[in-house]
Protein chains: 2
Amino acid sequence: MAEHAPLSPMLVTDSPEEKFREFLEIRGEKLTEPRRILIRHIFDSHKHFDADELVADLRASARKVSRSTVYRTLRLLVEAGLLRELRLTNRTAYEHDYGYPSHDHLHCTECNRVVEFNNDEIRKIRETVSLEHGFRAEGHRFMITGICPTCSRARSPRRRLDLI
Amino acid sequence: MAEHAPLSPMLVTDSPEEKFREFLEIRGEKLTEPRRILIRHIFDSHKHFDADELVADLRASARKVSRSTVYRTLRLLVEAGLLRELRLTNRTAYEHDYGYPSHDHLHCTECNRVVEFNNDEIRKIRETVSLEHGFRAEGHRFMITGICPTCSRARSPRRRLDLI
DNA sequence: ATTTTTGCAAACCATTTGCAGCTGG
DNA sequence: CCAGCTGCAAATGGTTTGCAAAAAT
């Protein structure tokens, strides 16, 4: 349901797991086995995903984690700044927010593909606008919706031939 | 739950009701009394709202519309291009997408207030990025999340006094 | 007359929660 | 040891749907 343009990972000092452990420690909470399973699985690949996919991915393996724990852990990972929520449809999707450069999205409303992009102007605009309105900006989301090249071609496949 | 910066309405030739009627006619569907009640109530004011608020607003009056019809009509109004969906929380919020200039949003994560703003750069970026990726852009969403001035002050109310 | 729409109640589905037992530090 | 965690099953809450009666053209 999601795909990435090739943005290269950033260099980070701590592993996601280590960062999570620190976050939990501060709050007097524990890095348990299910939580370790989840964070490792999640940061093993740079994909957008949702709660259901995690449950499905792990159900087969010997590292099954209950649905409730998946939801509870996802919430923690967002609070810890490791994941970001993406509300494209009725279900909540997540993406890495650590060890990965900040970026925005193109969303194809036809095939649901998500492509990431970078544009430096956006952060500037965010600062300018926040300042104007006295907001203390903490994040932003810029999403362009439209039709991706593949679906565009599929829609009108003989456009070029018509001109012959 | 939502508030607007003062963006002035655009001039439009058809009333929202008229535009809805045209949309329905094309699809061989009908502009019924409940639908008329809803579109009038919705375009009576420029507020963000959700399904529940509509039901509540109308329950009291003599123009009660059932919850199912509210949901069904909201879907139609989005399809007709009269409303736009805004997924800020678990419930879907709506705003006018007709007779109102395009704009973007600041969202206070503390009090949930939504402020609209305009920035011409954004559309340019949208075109540039779409072109780069071969997307046919149909829309965009730019949302800045953060803390609004009011909540900022409430959070650290004695910041100024500390300096005395 | 025929097709679409409505309202109700029931169904749905993603997410949350209460709780008894398990676990990590 | 003991606060915090897990898994289960049940609850929640927004949204959708099946259906019989009502309305629109």
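Worth saying up front: this structure is predicted, and the values here are computed from it rather than measured. (Residues numbered from 1 in each chain as written. Chains lettered and ligands numbered in written order. Predicted model: local features only at pLDDT ≥ 70, side-chain atom pairs only at ≥ 80, totals over all residues. Heavy atoms only, no water.)

> Just give me the short version of the relation of the copies chain A and chain B, but keep the residues and values in it.
The two copies are related by a screw operation: chain A maps onto chain B through 180° of rotation and 0.1 Å of translation along the axis, at an RMSD of 0.4 Å. Read as a symmetry element, the transformation amounts to a two-fold axis. Closest to the rotation axis within chain A is the C-alpha of Phe142 of chain A, separated from it by 2.2 Å. (Least-squares fit on C-alpha atoms with pLDDT ≥ 70 in both.)

> Quick one: what's the story with the packing of aromatic side chains, residue by residue and with numbers?
Summed over the entire model, instances satisfying the criterion amount to seven aromatic pairs over all chains. A ring pair is formed by Phe117 of chain A and Phe142 of chain A, whose centres lie 6.2 Å apart and whose planes are at 80°; its orientation type is edge-to-face. Of this pair, Phe117 of chain A sits in strand β5 (residues 114–117) while Phe142 of chain A sits in strand β6 (residues 136–147), and the two are 25 residues apart along the sequence. Using a relative accessible area of 3% as the deciding quantity, one classes Phe117 of chain A as buried. The rings of Phe117 and Phe142 of chain A together with Phe117 and Phe142 of chain B are connected pair by pair, giving a single aromatic cluster. (Phe/Tyr/Trp six-rings, centres within 6.5 Å; stacked < 30°, edge-to-face > 60°. Helix = DSSP H or I, 4+ residues; strand = E, 2+ residues; numbered from the N terminus. Buried < 20%, exposed > 50% of the residue type's maximum accessible area, 1.4 Å probe, protein only.)

> Talk me through the sheet that holds strand β2 (residues 83–86) of chain B; I want residue IDs and the actual numbers.
All names here are of chain B. Reading across from one edge, β1-β3-β2 is the order of the three strands in this open sheet, with antiparallel pairing throughout. The strands lining the two open edges of the sheet, one partner per strand, are β1 (49–50) and β2. Of the pairings in the sheet, the one linking β2 to strand β3 (residues 93–96) comprises four bridges and is antiparallel in character. Across the sheet, residue Arg84 finds its bridge partner in β3, namely Glu95. (Pairing = 2+ DSSP bridges.)

> Quick rundown of the domain arrangement of chain A? Include the residues and the values.
Residue and element names in this part refer to chain A. Along its sequence, chain A is carved into domain 1 (13–100) and domain 2 (101–164). Its C-alpha centre places domain 1 at a distance of 26 Å from the equivalent point of domain 2. Counting residues at the interface gives eight residues for domain 1, matched by nine residues for domain 2. Of the roughly 840 Å² buried at the junction of domain 1 and domain 2 (both faces included), carbon and sulfur atoms supply 56%. Considering only the side of domain 1, the residues that lose the most area to domain 2 are Arg84, Leu88 and Tyr100, jointly responsible for 61% of the buried surface there. For the pair domain 1 and domain 2, the interface holds zero salt bridges. Remark: the boundary between domain 1 and domain 2 carries four residue pairs in polar contact (both at pLDDT 80 or more). The element contributing the most residues to the side of domain 1 that touches domain 2 is strand β2 (residues 83–86), with three residues. (Domains from an automatic or database assignment. Contact = heavy atoms within 4.5 Å. Buried area = accessible area lost by both parts, 1.4 Å probe. Salt bridge = Lys/Arg side-chain N within 4 Å of Asp/Glu carboxyl O. Polar contact = N/O pair within 3.5 Å; in protein donor to acceptor, adjacent residues only side chain to side chain.)

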